[in-house]
Amino acid sequence: MRPFKIIRPDESMRTEIQAKIDNLNKPKGSLGRLETLAMQICLVQQSLEPKLTHPCHLLLGGDHGIEREGVSVSPRDVTWQQMVNFTHGGGGVNMFCRQHGFKLRIVDVGVDHDLSGVEGIIDRKIAPGTKDFLYEAAMSEEEFNKAIETGAALTDECKAEGCNILCIGEMGIANTSPSSIWMHLFGNIPLDECIGAGAGLNAQGISHKSKVLNAAVELFKANHQQWDEAYAIRYFGGFEMVTAIGAMLRAAELHMLVLVDGFIMSACALAASRLCPEVLGYMIFGHCGDESGHKRMLALMNAEPLLNLGMRLGEGTGALCAYPIVESAVRMVNEMNNFRDAKITKYF
């Protein structure tokens, strides 16, 4: 994987930004998270007048070999069927993109179905799904590097259109399985505490999923006494997930804001932060989902999500729902009057 040159946002403006926020005509700190969010955005953009321009949403699709082990209540056909549905504008992601003015890119990076003739789907297929990580690495090193570069290139395309805030979602049946394993490996949390119901498994289904994932991790650890983060990412990850990591890293390198969605995308953010910790300074975590372990995963990154709506749809929908809050933070800095101009006595 090529190195990404990601620099933490320059802190030299912090005092000046804080002074502007504190002098808005309101009690100091009274707009709570909007104020800390505004600080983050101003630091990323190195501006006292931040802007959100041409927001883009990447919807990345890919299938997982581990799905064949019965770890999901949904069959893999649902991946390609939903991808086609998105082109008709009928998904949750479509609705929220329309509502909040995001340009939606639907991208096939690894769906186990021929979608090349479907209008509205960008064909960047790396392979028709990953291998079954119960027995072998999900992808080769070459495939891993291609997925990273595909994500970076997609970010470049958005940036070229004037985008400075990127949202990423996924469509991939069984992708809670690699997410749980990454959480276990990178967070040193017992694997069973990282495993949840995914798309709706019952207790028996969760038990089976646990047995499969524990077996896969035991084999991985037995065969690899020493491993690094990049290898663990490619051993278990999906093409849509690794592409998302590449997109996140490139966005941070370009000083773009990254809106992070639920359990899957938080796992990608966690993986990205293990490759390059500085990436976290550019991330805004949209919501805490309903998947078991998501709250603990966010805690590994000291992330405070903006919303907790019990959502677990994926697709990037939770992050999209949080976008108006991000917009409010920017409007606060740019549109609220200060004490002096409003001729209000500053009382603190």
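Model, not experiment: these values are computed from the prediction.

Basis of the calculations
Residues numbered from 1 in each chain as written. Predicted model: local features only at pLDDT ≥ 70, side-chain atom pairs only at ≥ 80, totals over all residues. Heavy atoms only, no water. Pairing = 2+ DSSP bridges. Helix = DSSP H or I, 4+ residues; strand = E, 2+ residues; numbered from the N terminus. Axes fitted to C-alpha atoms, helices over the stretch in contact; angles between N-to-C directions. Parallel < 35°, antiparallel > 145°, perpendicular 65-115°, else oblique. Left-handed = near helix turned anticlockwise from the far one by under 90°. Contact = heavy atoms within 4.5 Å. Phe/Tyr/Trp six-rings, centres within 6.5 Å; stacked < 30°, edge-to-face > 60°. Buried < 20%, exposed > 50% of the residue type's maximum accessible area, 1.4 Å probe, protein only.

Asks: For the sheet that holds strand 2 (residues 103-110), give the residues involved together with the corresponding values.
Replies: An order of 3-2-1-4-5-6 is seen for the six strands of this open sheet, with the pairing classed as parallel. In the strand order of this sheet, the two ends are held by strand 3 (121-123) and strand 6 (283-285), each with one partner. Strand-to-strand, the axes of this sheet are offset by a mean angle of 30 degrees, without reference to chain direction.

Asks: An account of the packing of helix 6 (residues 176-187) against helix 7 (residues 203-223) is needed here, citing residue identities and associated values.
Replies: Two elements in contact, helix 6 and helix 7, have axes separated by 11 Å at closest approach and are oriented at 50 degrees. Put simply, helix 6 runs oblique to helix 7. Handedness of the helix 6/helix 7 crossing: right-handed. Side by side, helix 6 and helix 7 meet where T176, S177, S180, I181, H184 and L185 of the first sit next to K209, L213, V217, F220 and K221 of the second.

Asks: Now, about the packing of aromatic side chains: what can you tell me, with residues and values included?
Replies: Under the definition given, this model contains eight aromatic pairs. Ring centres of F102 and Y323 lie 4.8 Å apart, and the angle between their planes is 80 degrees; on these two criteria the pair is classed as edge-to-face. Taken together, the residues span a long stretch of sequence, with F102 in the loop between helix 4 (92-100) and strand 2 and Y323 in helix 12 (residues 317-335) at a distance of 221 residues. Comparing F102 with Y323, the two get one shared label, buried. For the pair F220 and F236, a centre-to-centre distance of 5.0 Å together with 65 degrees between the ring planes defines the contact as edge-to-face. Here the residue F220 occupies a position in helix 7, and F236 occupies one in helix 8 (residues 229-236), the gap between them amounting to 16 residues. Neither residue differs from the other here; F220 and F236 are each classed as buried. Three or more aromatic residues link up through ring pairs in this structure, and these residues are F133, F220, W227, Y231, Y235 and F236.

Asks: Lay out the pairing of strand 2 with the relevant residues and their values.
Replies: Looking along a regular strand, one sees side chains alternate from face to face of the sheet. Within strand 2, six of the eight residues are buried, leaving the element largely enclosed by the surrounding structure. Sheet topology places strand 1 (residues 56-62) next to strand 2; seven bridges connect them, and they run parallel. Bridge pairing in strand 2 places G62 opposite G110. Sheet topology note: the strand 2/strand 3 ladder contains three bridges and is parallel. Bridge pairing in strand 3 places D108 opposite D123.

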